[in-house]
Amino acid sequence: MASSGDSSQDSAGDSSSDSSGDSSQNDGFTSSSSSNLINHPSLKKQKWRYVWASVDNLNFTRTSYRKTNDFVCFFDYVIAHFVSSKIKRLNLDCSRLSRYKSHMSQWLSFAVEKKVEDFVYWSNSNRSGCTLPESFYTCSSLVTLHLTFYCFDSGAVIKWNSLKSIKLEYLVLSEEDIANLVSGCPALETMEFDSVGGFLRVEINSLKLKRLYLKGFTFPSDGRDPTLEIVAPYLQHLEISGVHLKCRLL
């Protein structure tokens, strides 16, 4: 009877310890890989307790955190303990983190170091946005990229040689920025701008880029004739939505 009681107490203690550990370290962290491993019957709790440090699908959102500092500290903790050599997908919510731009820069450098393939970065305003570190502009592992409210460095040399799809939201680009972007992405097939302004001409001479989406186009406020010119002889699909504008295909 005493032996049975000790066993029950130990089991309860282990369960409490594991539950507490998972709650403190996994709140706000999701991964499809970790879910599959956790549910695998052949793995014991003590073995998969730290599996998150080697998964390749990371999703960091602010919804699980009432305090901004908790979110920042948690991501810093993940970076310090992450052991996987590669990240397949990283979703990063940097809303309302204007006071933590140095941390955001480190997170982006971490993504480059881990050879991220699919990257989603979003913020809630230009003030909260972070300038991409120089190393990010030459991240050759990127395949898909989605940026919202980020600060585009007009002088950056872009070398996203593996990038096939890009979506940009709520930012300002010049004609030169777009030309620089297209020339730096030789494998690009799909480009989408949502609520992006600052330009009245898009020139695409790439043989690879076949699909262009323009949503909620924002007119420049410099007094120019609000007619959008598109030069894209190899484009196969063009979609313009969310705004009435004159468009000239050349």
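Residues numbered from 1 in each chain as written. Predicted model: local features only at pLDDT ≥ 70, side-chain atom pairs only at ≥ 80, totals over all residues. Heavy atoms only, no water.

By the naming in an unreviewed UniProt entry, the protein is F-box/LRR-repeat protein 25-like, taken from Nicotiana tabacum.

**Focus on the pattern of salt bridges**
Stated formally: Put simply, a salt bridge is a Lys or Arg side-chain nitrogen that is within 4 Å of an Asp or Glu carboxyl oxygen. Secondary structure counts use DSSP, requiring at least four H or I residues in a row for a helix and at least two E residues in a row for a strand, with both numbered from the N terminus.
This structure, assessed with the given rule, holds eight salt bridges. Across the salt bridge formed by Arg201 and Glu229, the nearest N and O atoms sit 2.9 Å from each other. With Arg201 in strand β8 (residues 201-203) and Glu229 in strand β10 (residues 227-231), this pair connects stretches of sequence that are 28 residues apart. The salt bridge partner of Glu229 is Arg248, with a shortest N-O separation of 2.8 Å.

**Some points on the nonpolar core**
This is how the line gets drawn: What is meant by a nonpolar core is a set of buried Ala, Val, Leu, Ile, Met, Phe, Trp, Tyr and Cys residues, joined one to another through side-chain atoms within 4.5 Å. A simple rule labels every residue: compare its accessible area, found with a 1.4 Å probe on the protein chains alone, to the largest value its type can have, and call it buried under 20%, exposed over 50%, or partly exposed in between. The contact rule is simple, with two residues in contact once any of their heavy atoms fall within 4.5 Å.
If you look at the biggest cluster of nonpolar residues, it comprises 64 residues, and the most contacted ones within it are Phe119, Trp160, Leu168, Met191 and Phe193. With six residues, helix α5 (residues 101-113) is the single largest residue contributor to this core. Here Phe119 is in contact with Leu90, Leu92, Leu108, Phe136, Leu142, Thr144, Leu145, His146 and Leu147, once residues within four sequence places are set aside.

**Here's the deal with a nonpolar patch on the surface**
The criterion, for reference: Patch definition: residues with relative accessible area over 30% and no salt bridge; like charges joined within 9 Å; nonpolar side chains (Val, Leu, Ile, Met, Phe, Trp, Tyr) joined within 5 Å. Under the convention used here, a 1.4 Å probe and the Shrake-Rupley method define accessible areas, while residue burial counts only the protein chains that appear.
On the surface, Leu238, Ile240 and Leu249 cluster together to form a nonpolar patch covering roughly 240 Å² of accessible area. Considering the arrangement of structural elements, one finds Leu249 in strand β12 (residues 246-249).

**Side note on the environment of Arg201**
Put simply, the rule is: Each polar contact in these results corresponds to two N or O atoms within 3.5 Å; when the atoms are within protein, one needs to be able to donate a hydrogen and the other to accept it, and residues that are neighboring in sequence are counted only if both atoms are side-chain atoms.
Relative accessible area serves as the criterion here: at 30%, Arg201 is assigned to the partly exposed category. Sequence-wise, Arg201 and Ile178 are 23 residues apart; in three dimensions their C-alpha atoms are separated by 9.1 Å. When sequence neighbours within four positions are dropped, the list of residues in contact with Arg201 reads Glu175, Ile178, Leu228, Glu229, Val231 and Leu250. At 3.5 Å, the side chain of Arg201 and the side chain of Glu203 are in polar contact.

**Things to note about the side chain of Ser84**
Here Ser84 lies in the loop between α4 (68-81) and β3 (89-93). Classification of Ser84 as buried rests on a relative accessible area of 13%. For Ser84, the side chain forms a polar contact with the main-chain oxygen of Lys86, separated by 3.0 Å. With near-sequence residues (within four places) excluded, Ser84 lies in contact with Ala53, Ser54, Val55 and Lys114.

**Quick word on helix α6 (residues 175-183)**
Heads up, the rule is: The arc in question is the one spanned by the directions pointing from the helix axis to the C-beta atoms.
Along α6, the residues classified as buried are Asp177, Ile178, Leu181 and Val182. Each buried residue of α6 lies within a common arc of 130° when the element is viewed along its axis, so the set occupies one face. Turned more than 90 degrees off the buried face of α6, the exposed positions are Glu176 and Ser183. For α6, the elements touching its buried residues are β6 (165-172), β7 (190-197) and β8.

**Let's talk about the sheet that holds β8**
Note the threshold: Two strands make a pair as long as DSSP finds a minimum of two bridges between them. Axes, fitted as lines to C-alpha atoms, cover a helix only where it is in contact. Angles between the N-to-C directions of the axes lie from 0 to 180 degrees.
The three strands lie next to each other as β8-β10-β12, forming an open sheet whose pairing is parallel. Edge positions in the open sheet fall to β8 and β12, since each of these has one partner strand only. Along the sheet, successive strands turn relative to each other by an average axial angle of 15°, direction set aside.

**Remarks on the packing of α4 against α5**
Keep this limit in mind: Should an angle fall under 35 degrees it is called roughly parallel, over 145 degrees roughly antiparallel, and 65 to 115 degrees roughly perpendicular, with every other angle called oblique. Left-handed describes a crossing whose near helix is turned anticlockwise from the far helix through less than a right angle; right-handed describes the clockwise counterpart. Under the convention adopted here, Pro, Cys and the residues Ala, Val, Leu, Ile, Met, Phe, Trp and Tyr are nonpolar, Asp, Glu, Lys and Arg are charged, and Gly plus all remaining residues are polar.
As a packed pair, α4 and α5 sit with axes 11 Å apart at the nearest point and diverge in direction by 30°. As the angle between them shows, α4 and α5 are arranged roughly parallel. For α4 against α5, the interelement crossing comes out left-handed. Counted together, Phe71, Val72, Phe75, Asp76 and Ile79 of α4 and His103, Gln106, Trp107 and Phe110 of α5 form the full contact between these two elements. Residue classes in the contact of α4 with α5 are distributed as six nonpolar, two polar and one charged.

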